[in-house]
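Results of the structural survey
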Amino acid sequence: VEGPLDAIAVTLAAAGTAVGVAPLGTAFTDRQADQLRRYLGAGKPGVIVATDADAAGQHAAVRAYWQLTCRGGNPRHLIMADGQDPAGMLQAAGPQALRDALADAPTLARTMIDARVAQYTDRMQHVEGPLLAVQSAAEAIGALPPEHWLQHITYLNTLVQISPGQSHLAVLDAGHAWTRDPDGLTRKHLTERTAPVGRSIAKAAIDHAVPVGGGDVPGGLTASDTRATAGQLRTHR
């Protein structure tokens, strides 16, 4: 979270299931990310990013995504109404609402996918639109530990119409690039101009992207295609 009141709100509402921590503003540093490393990775509690639901907070969430995935995390994202923060949510809706929102928080990768796909909404009817959207979203997915790729590829395939397997290959390529130089790519992403990950961006992606249909699984892939790709993902590292 961004500030001390937000941290107190999360700690009180969570009733022992989470603890709020704040960098005091949106300037989350690499040193602070290193301090959270003990909570990141398989079998560990993980981190929920709960920066304010305004432009600055959304930008901070994007930055935190790259800093946490670089350290092996699969961060989640507290969804709040536009302009709200955890303290305001506690005051307006009560502790149970904030506790439920924390428990139901989706992965931050999912909202990153929404934002990256939404950038190409007006180009989805052209050949390059879906390809560019998938390549952009694949960068976010490829930064995750490989065991989390398939669930996010499946979600991406519900947003973008693409030939079977292309999203899988795009994520494999992005994952290989990330594995070769996670620190360098993190620095690149921290300096680039990023799209916000607010609810309005996610809604735009869902409303306007062309959905995918057909097949046994999302994206028109057969079950055997998915099993084969899953094998590739498991042997990536």
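Bear in mind the structure is a predicted one, so any value in this text is a computation, not a measurement.

Right, let's get into the overall build of the protein. Helix and strand content of the protein: 12 helices and 2 strands. Its helices and strands in sequence order give the protein the pattern α-α-β-α-β-α-α-α-α-α-α-α-α-α, from N to C terminus. The burial tally for the protein puts 45% of its 237 residues in the buried class. Summarising the internal contacts of the protein: among those between residues at least 6 apart in sequence, 71% fall at separations of at least 24.

Summed over all chains, the structure comprises 7 salt bridges. Between Arg71 and Asp30 there is a salt bridge, and its shortest N-O distance comes to 3.7 Å. Taken together, the positions of Arg71 in the loop between α3 (55–69) and β2 (76–77) and Asp30 in helix α2 (residues 30–35) put the pair 41 residues apart, joining distant regions of the chain. The residue Arg116 makes a salt bridge to Glu192 at a minimum N-O spacing of 3.4 Å. Of the two residues, Arg116 sits in helix α6 (residues 108–118) while Glu192 sits in the loop between α10 (182–191) and α11 (199–208), which places them 76 residues apart along the sequence. Arg116 sits in the buried class, given a relative accessible area of 9%. Of the residues examined, Glu192 reaches a relative accessible area of 23% and is grouped as partly exposed. One salt-bridge network, in which partners are shared between bridges, spans Asp30, Asp34, Arg37 and Arg71.

End to end, helix α9 (residues 166–180) covers 21 Å across 15 residues, agreeing with the expected 21 Å (1.5 Å per residue, within 8%). Those residues of α9 that sit buried are Ser167, His168, Ala170, Val171, Leu172, Ala174, Gly175 and Trp178.

This part takes up the packing of aromatic side chains. Tallied over the full model, the rule gives 2 aromatic pairs. With a centroid separation of 5.2 Å and an interplanar angle of 80 degrees, the aromatic rings of Tyr65 and Trp66 are classed as edge-to-face. With centroids separated by 5.9 Å and ring planes inclined at 40 degrees, the aromatic side chains of Trp66 and Trp178 adopt a geometry described as tilted. Within this pair, whereas Trp66 is found in helix α3, its partner Trp178 is found in helix α9, the two being separated by 112 residues in sequence.

Now for the nonpolar core. Counting residues in hydrophobic clusters, the biggest one holds 41 residues, and the most contacted among them are Tyr65, Trp66, Ile113, Val117, Leu156 and Val160. Among the nonpolar cores identified, the runner-up in size contains 14 residues, and Ala9, Met80, Met89 and Ala101 belong to it.

Here we take up the packing of α6 against helix α8 (residues 149–159). Orientation of α6 relative to α8, taken along the N-to-C sense of each, is 30 degrees, at an axis distance of 10 Å. By the criterion of interaxial angle, the relationship of α6 to α8 is roughly parallel. At the point where α6 passes α8, the crossing takes the right-handed sense. Contacts between α6 and α8 involve Ala109, Arg110, Ile113, Asp114 and Val117 from the first element and His152, Tyr155, Leu156 and Leu159 from the second.

As a further point, take the environment of Gly83. Along the chain, Gly83 falls in the loop between β2 and α4 (86–93). Between the C-alpha atom of Gly83 and that of Gly57, which follows or precedes it by 26 residues, the distance is 9.1 Å. The contacts of Gly83, once residues within four sequence positions are left out, are Ala53 and Asp54.

Here the focus is the confidence of the model for the protein. A residue-level look at the protein finds 81% of positions with pLDDT of 70 or above and a mean pLDDT of 84. The model gives residues 198–237 a pLDDT under 50, and that stretch makes 71 contacts with residues more than four places away or in other chains.

This paragraph deals with the side chain of Asp114. As for its placement among the helices and strands, Asp114 is situated in helix α6. The buried charged residue Asp114 lacks any salt bridge, with Arg110 as its nearest oppositely charged partner at 5.2 Å. A polar contact is formed between the side chain of Asp114 and the side chain of Tyr155, at a distance of 2.5 Å.

Here is what the cut-offs are and how they apply
- Residues numbered from 1 in each chain as written.
- Predicted model: local features only at pLDDT ≥ 70, side-chain atom pairs only at ≥ 80, totals over all residues.
- Heavy atoms only, no water.
- Helix = DSSP H or I, 4+ residues; strand = E, 2+ residues; numbered from the N terminus.
- Buried < 20%, exposed > 50% of the residue type's maximum accessible area, 1.4 Å probe, protein only.
- Contact = heavy atoms within 4.5 Å.
- Salt bridge = Lys/Arg side-chain N within 4 Å of Asp/Glu carboxyl O.
- Expected span 1.5 Å × (residues − 1).
- Phe/Tyr/Trp six-rings, centres within 6.5 Å; stacked < 30°, edge-to-face > 60°.
- Core = buried A, V, L, I, M, F, W, Y, C linked by side-chain atoms within 4.5 Å.
- Axes fitted to C-alpha atoms, helices over the stretch in contact; angles between N-to-C directions.
- Parallel < 35°, antiparallel > 145°, perpendicular 65-115°, else oblique.
- Left-handed = near helix turned anticlockwise from the far one by under 90°.
- pLDDT = per-residue confidence, 0-100.
- Lys, Arg positive; Asp, Glu negative; His and termini not counted.
- Polar contact = N/O pair within 3.5 Å; in protein donor to acceptor, adjacent residues only side chain to side chain.

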